2 protein chains.
Amino acid sequence: MSIPPSISTILKAGPIHFGPFLVTTQVFHLTPHSYALVNLKPILPGHVLISPRRVVPRVTDLTPTETSDLFLTVRRVARMIERVYGASSLNIAIQDGAEAGQSVPHVHAHVIPRRRGDLDHRGGMDAVYEMLDGEEGDLGRVFEKGDGEGEGEGVGVGGRRRFPKVDDEERKPRGMKEMEGEAWMLAREMEKEPVD
Amino acid sequence: MSIPPSISTILKAGPIHFGPFLVTTQVFHLTPHSYALVNLKPILPGHVLISPRRVVPRVTDLTPTETSDLFLTVRRVARMIERVYGASSLNIAIQDGAEAGQSVPHVHAHVIPRRRGDLDHRGGMDAVYEMLDGEEGDLGRVFEKGDGEGEGEGVGVGGRRRFPKVDDEERKPRGMKEMEGEAWMLAREMEKEPVD
């Protein structure tokens, strides 16, 4: 399977950082000011993140140009994710600052595809938000270990740990191979999306 | 107290709709494609909504111009809200479609100012999300009644009702006078915000 053209472009443009972490091979879409990356511990299949290329912690730190580029990227990636994962709705969420639940100090919009009843077995529609906080903590901690190969169990950054049942039993951090495979697949799907 | 200039502009530009509901007098900021309005049942003081002026249900329905305008407005309103309400973080969330918890079929971004420990008495940092879903349901139902004068208790749109403890005991829909007073105050504060 040959490398998607957009992945070649991304690898040449790198290194790409998510906060202090190097994430170049998890990135599946790159624009002048933003990038989209697959997630270490997706809440649901297709849960991805969109960030500005410049490492800044808060939305207000973005320039107007970066702000427009970020959310045009959110809109376009979200449309692709909804199509590819057969979803009918999306949660779009930004934890803008530590007191809002942000653990990696780099602006990132979560895009999570939703389908009717998709979280019924985990407590219903709202469970997505509870899981979001668990994921954030673990995301930071596991990236810090630097390998992403399955050691993500335990407490989150700063000892934060919530809803351990949901987090411990069902969600495992994924290996790099799985994430890179998904990044290639999503890069190909983004290449099919109309520009508008 | 004289009417803020931006409120005069909004009243002249109206009527402004939030889904099927007329909300002109709750709007405190208007741009070419977006508006910001105060909330019937704020989760925390300063919880506001930003919507496109065109009534469309999904983010993908927005044009690129509308998308940029909406999120530049979110960023600018968010900065003002953080300042005015003495917050240190913000939750920004869009329930994009019914399966993501959207009850009023008109794109709207929630902006919720956060401070350390602000929801400790309601179950911690995550409670904001649980409350978000309760608010959405009630928002739709109470708007449907058309007066916003305190009849917001009970089940949400389509019978949705979650986390009744949080919702019933502590959050009451506000009267029009209180909301309009807040809209005038926030309109004045927006007039002070730098354009960038």
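Residues numbered from 1 in each chain as written. Chains lettered and ligands numbered in written order. Predicted model: local features only at pLDDT ≥ 70, side-chain atom pairs only at ≥ 80, totals over all residues. Heavy atoms only, no water.

Under an unreviewed UniProt entry, chain A has the name Bis(5'-adenosyl)-triphosphatase and belongs to Aspergillus sclerotiicarbonarius.

This next bit is on the packing of aromatic side chains. Applying the stated criterion across every chain yields a total of one aromatic pair over all chains. Ring geometry for A:F71 versus B:F71: centroids 3.8 Å apart, planes at 5°, classification stacked. Of the two residues, A:F71 sits in helix 2 (residues 64–84) while B:F71 sits in helix 2 (residues 64–84), which places them in two different chains. By relative accessible area, which is 4% here, B:F71 ends up buried. (Phe/Tyr/Trp six-rings, centres within 6.5 Å; stacked < 30°, edge-to-face > 60°. Helix = DSSP H or I, 4+ residues; strand = E, 2+ residues; numbered from the N terminus. Buried < 20%, exposed > 50% of the residue type's maximum accessible area, 1.4 Å probe, protein only.)

This part covers the side chain of B:Q102. Residue and element names in this part refer to chain B. Considering the arrangement of structural elements, one finds Q102 in the loop between strand 6 (89–96) and strand 7 (109–114). A distance of 3.1 Å separates the side chain of Q102 from the backbone oxygen of P57, its partner in a polar contact. There is a polar contact of 3.2 Å between the side chain of Q102 and the backbone nitrogen of G97. (Polar contact = N/O pair within 3.5 Å; in protein donor to acceptor, adjacent residues only side chain to side chain.)

Our focus in this paragraph is the side chain of B:N91. Residues and elements named next belong to chain B. Mapping N91 onto the fold places it in strand 6. On the accessibility criterion, N91 (3% relative accessible area) is buried. Here R114 takes part through its side chain, which lies 2.7 Å from a polar atom of the side chain of N91.

On to unusual backbone geometry. Of the consecutive residues A:G14 and A:P15, the connecting peptide bond is found in the cis state with omega at 0°. Checked against the element boundaries, A:P15 lands in the loop between helix 1 (5–13) and strand 1 (17–18).

Spatially, the 10 strands line up as an open sheet ordered 3(A)-4(A)-5(A)-7(A)-6(A)-6(B)-7(B)-5(B)-4(B)-3(B), and their pairing is antiparallel. If you trace the sheet from one side to the other, it starts and ends with strand 3 (27–30) of chain A together with strand 3 (27–30) of chain B, each paired once. Adjacent strand axes in the sheet meet at a mean angle of 20°, parallel and antiparallel pairs treated alike. By the bridge criterion, three bridges tie strand 5 (residues 48–52) of chain B to strand 7 of chain B in an arrangement that is antiparallel. When the sheet's bridge partners are listed, B:V48 is paired in strand 7 of chain B with B:V111. (Pairing = 2+ DSSP bridges. Axes fitted to C-alpha atoms, helices over the stretch in contact; angles between N-to-C directions.)

All names here are of chain A. Evaluation of the coordinates by the stated rule reveals 22 salt bridges over all chains. We note a salt bridge from D118 to R114, for which the minimum N-O separation is 3.0 Å. Here D118 matches R114 in class, with each residue buried. Between R174 and E182 there is a salt bridge whose closest N-O contact spans 2.9 Å. Look at the salt bridges and you will find they share partners, linking R79, R83, E189, K192 and E193 into a network. (Salt bridge = Lys/Arg side-chain N within 4 Å of Asp/Glu carboxyl O.)

All names here are of chain A. Strand 7 (residues 109–114) sits mainly inside the fold: six of its six residues count as buried. Judged by which residues are buried, strand 7 turns out to be covered on both faces: A109, V111 and P113 on one side and H110, I112 and R114 on the other are all buried. Across six bridges, the pairing between strand 6 (residues 89–96) and strand 7 is antiparallel. Across the sheet, N91 pairs through a bridge with I112, a residue of strand 7.

Time to look at the UniProt feature "active site" (unreviewed entry) in chain A. Residue and element names in this part refer to chain A. The positions UniProt marks with the feature "active site" (unreviewed entry) are H108. With respect to the helices and strands, the residue H108 is situated in the loop between strand 6 and strand 7. Residue H108 is classed as buried on the basis of its relative accessible area of 1%. There is a polar contact of 2.6 Å between the side chain of H108 and the backbone oxygen of H106. (UniProt positions renumbered as here; feature names shortened; annotations may be inferred.)

Successive residues of a regular strand alternate their side chains across the two faces of the sheet. All names here are of chain B. By the criterion of burial, strand 4 (residues 34–38) is predominantly enclosed, with five of the five residues buried. Side chains S34, A36 and V38 of strand 4 all project onto a buried face; the interleaved residues Y35 and L37 project onto the opposite face, where all are buried too. Looking at chain direction, strand 3 and strand 4 are connected through three bridges and run antiparallel. Following the sheet pairing, L30 is matched in strand 4 by Y35. Between the antiparallel neighbours strand 3 and strand 4 lie three residues. Strand direction decides the pairing type here: strand 4 and strand 5, joined by five bridges, are antiparallel. Each bridged residue has a counterpart across the sheet, and for S34 the counterpart in strand 5 is P52.

Here we take up the nonpolar core. With 78 residues, the main nonpolar core has A:F28 and B:F28 as its most contacted residues. A:F28 has contacts with A:I7, A:I10, A:A36, A:L37, A:V38, A:V48, A:V77, A:M80, A:A183, A:L186, A:A187 and A:M190, leaving out every residue within four places of it along the chain. (Core = buried A, V, L, I, M, F, W, Y, C linked by side-chain atoms within 4.5 Å. Contact = heavy atoms within 4.5 Å.)

Residues and elements named next belong to chain B. Spanning 21 residues, helix 2 covers 30 Å between terminal C-alpha atoms, matching the ideal 30 Å at 1.5 Å per step. Counted residue by residue, helix 2 has 15 buried out of 21 residues, so it is predominantly covered. The positive-phi residue at the C-terminal boundary of helix 2 is G86, with phi of around 60°. (Expected span 1.5 Å × (residues − 1).)

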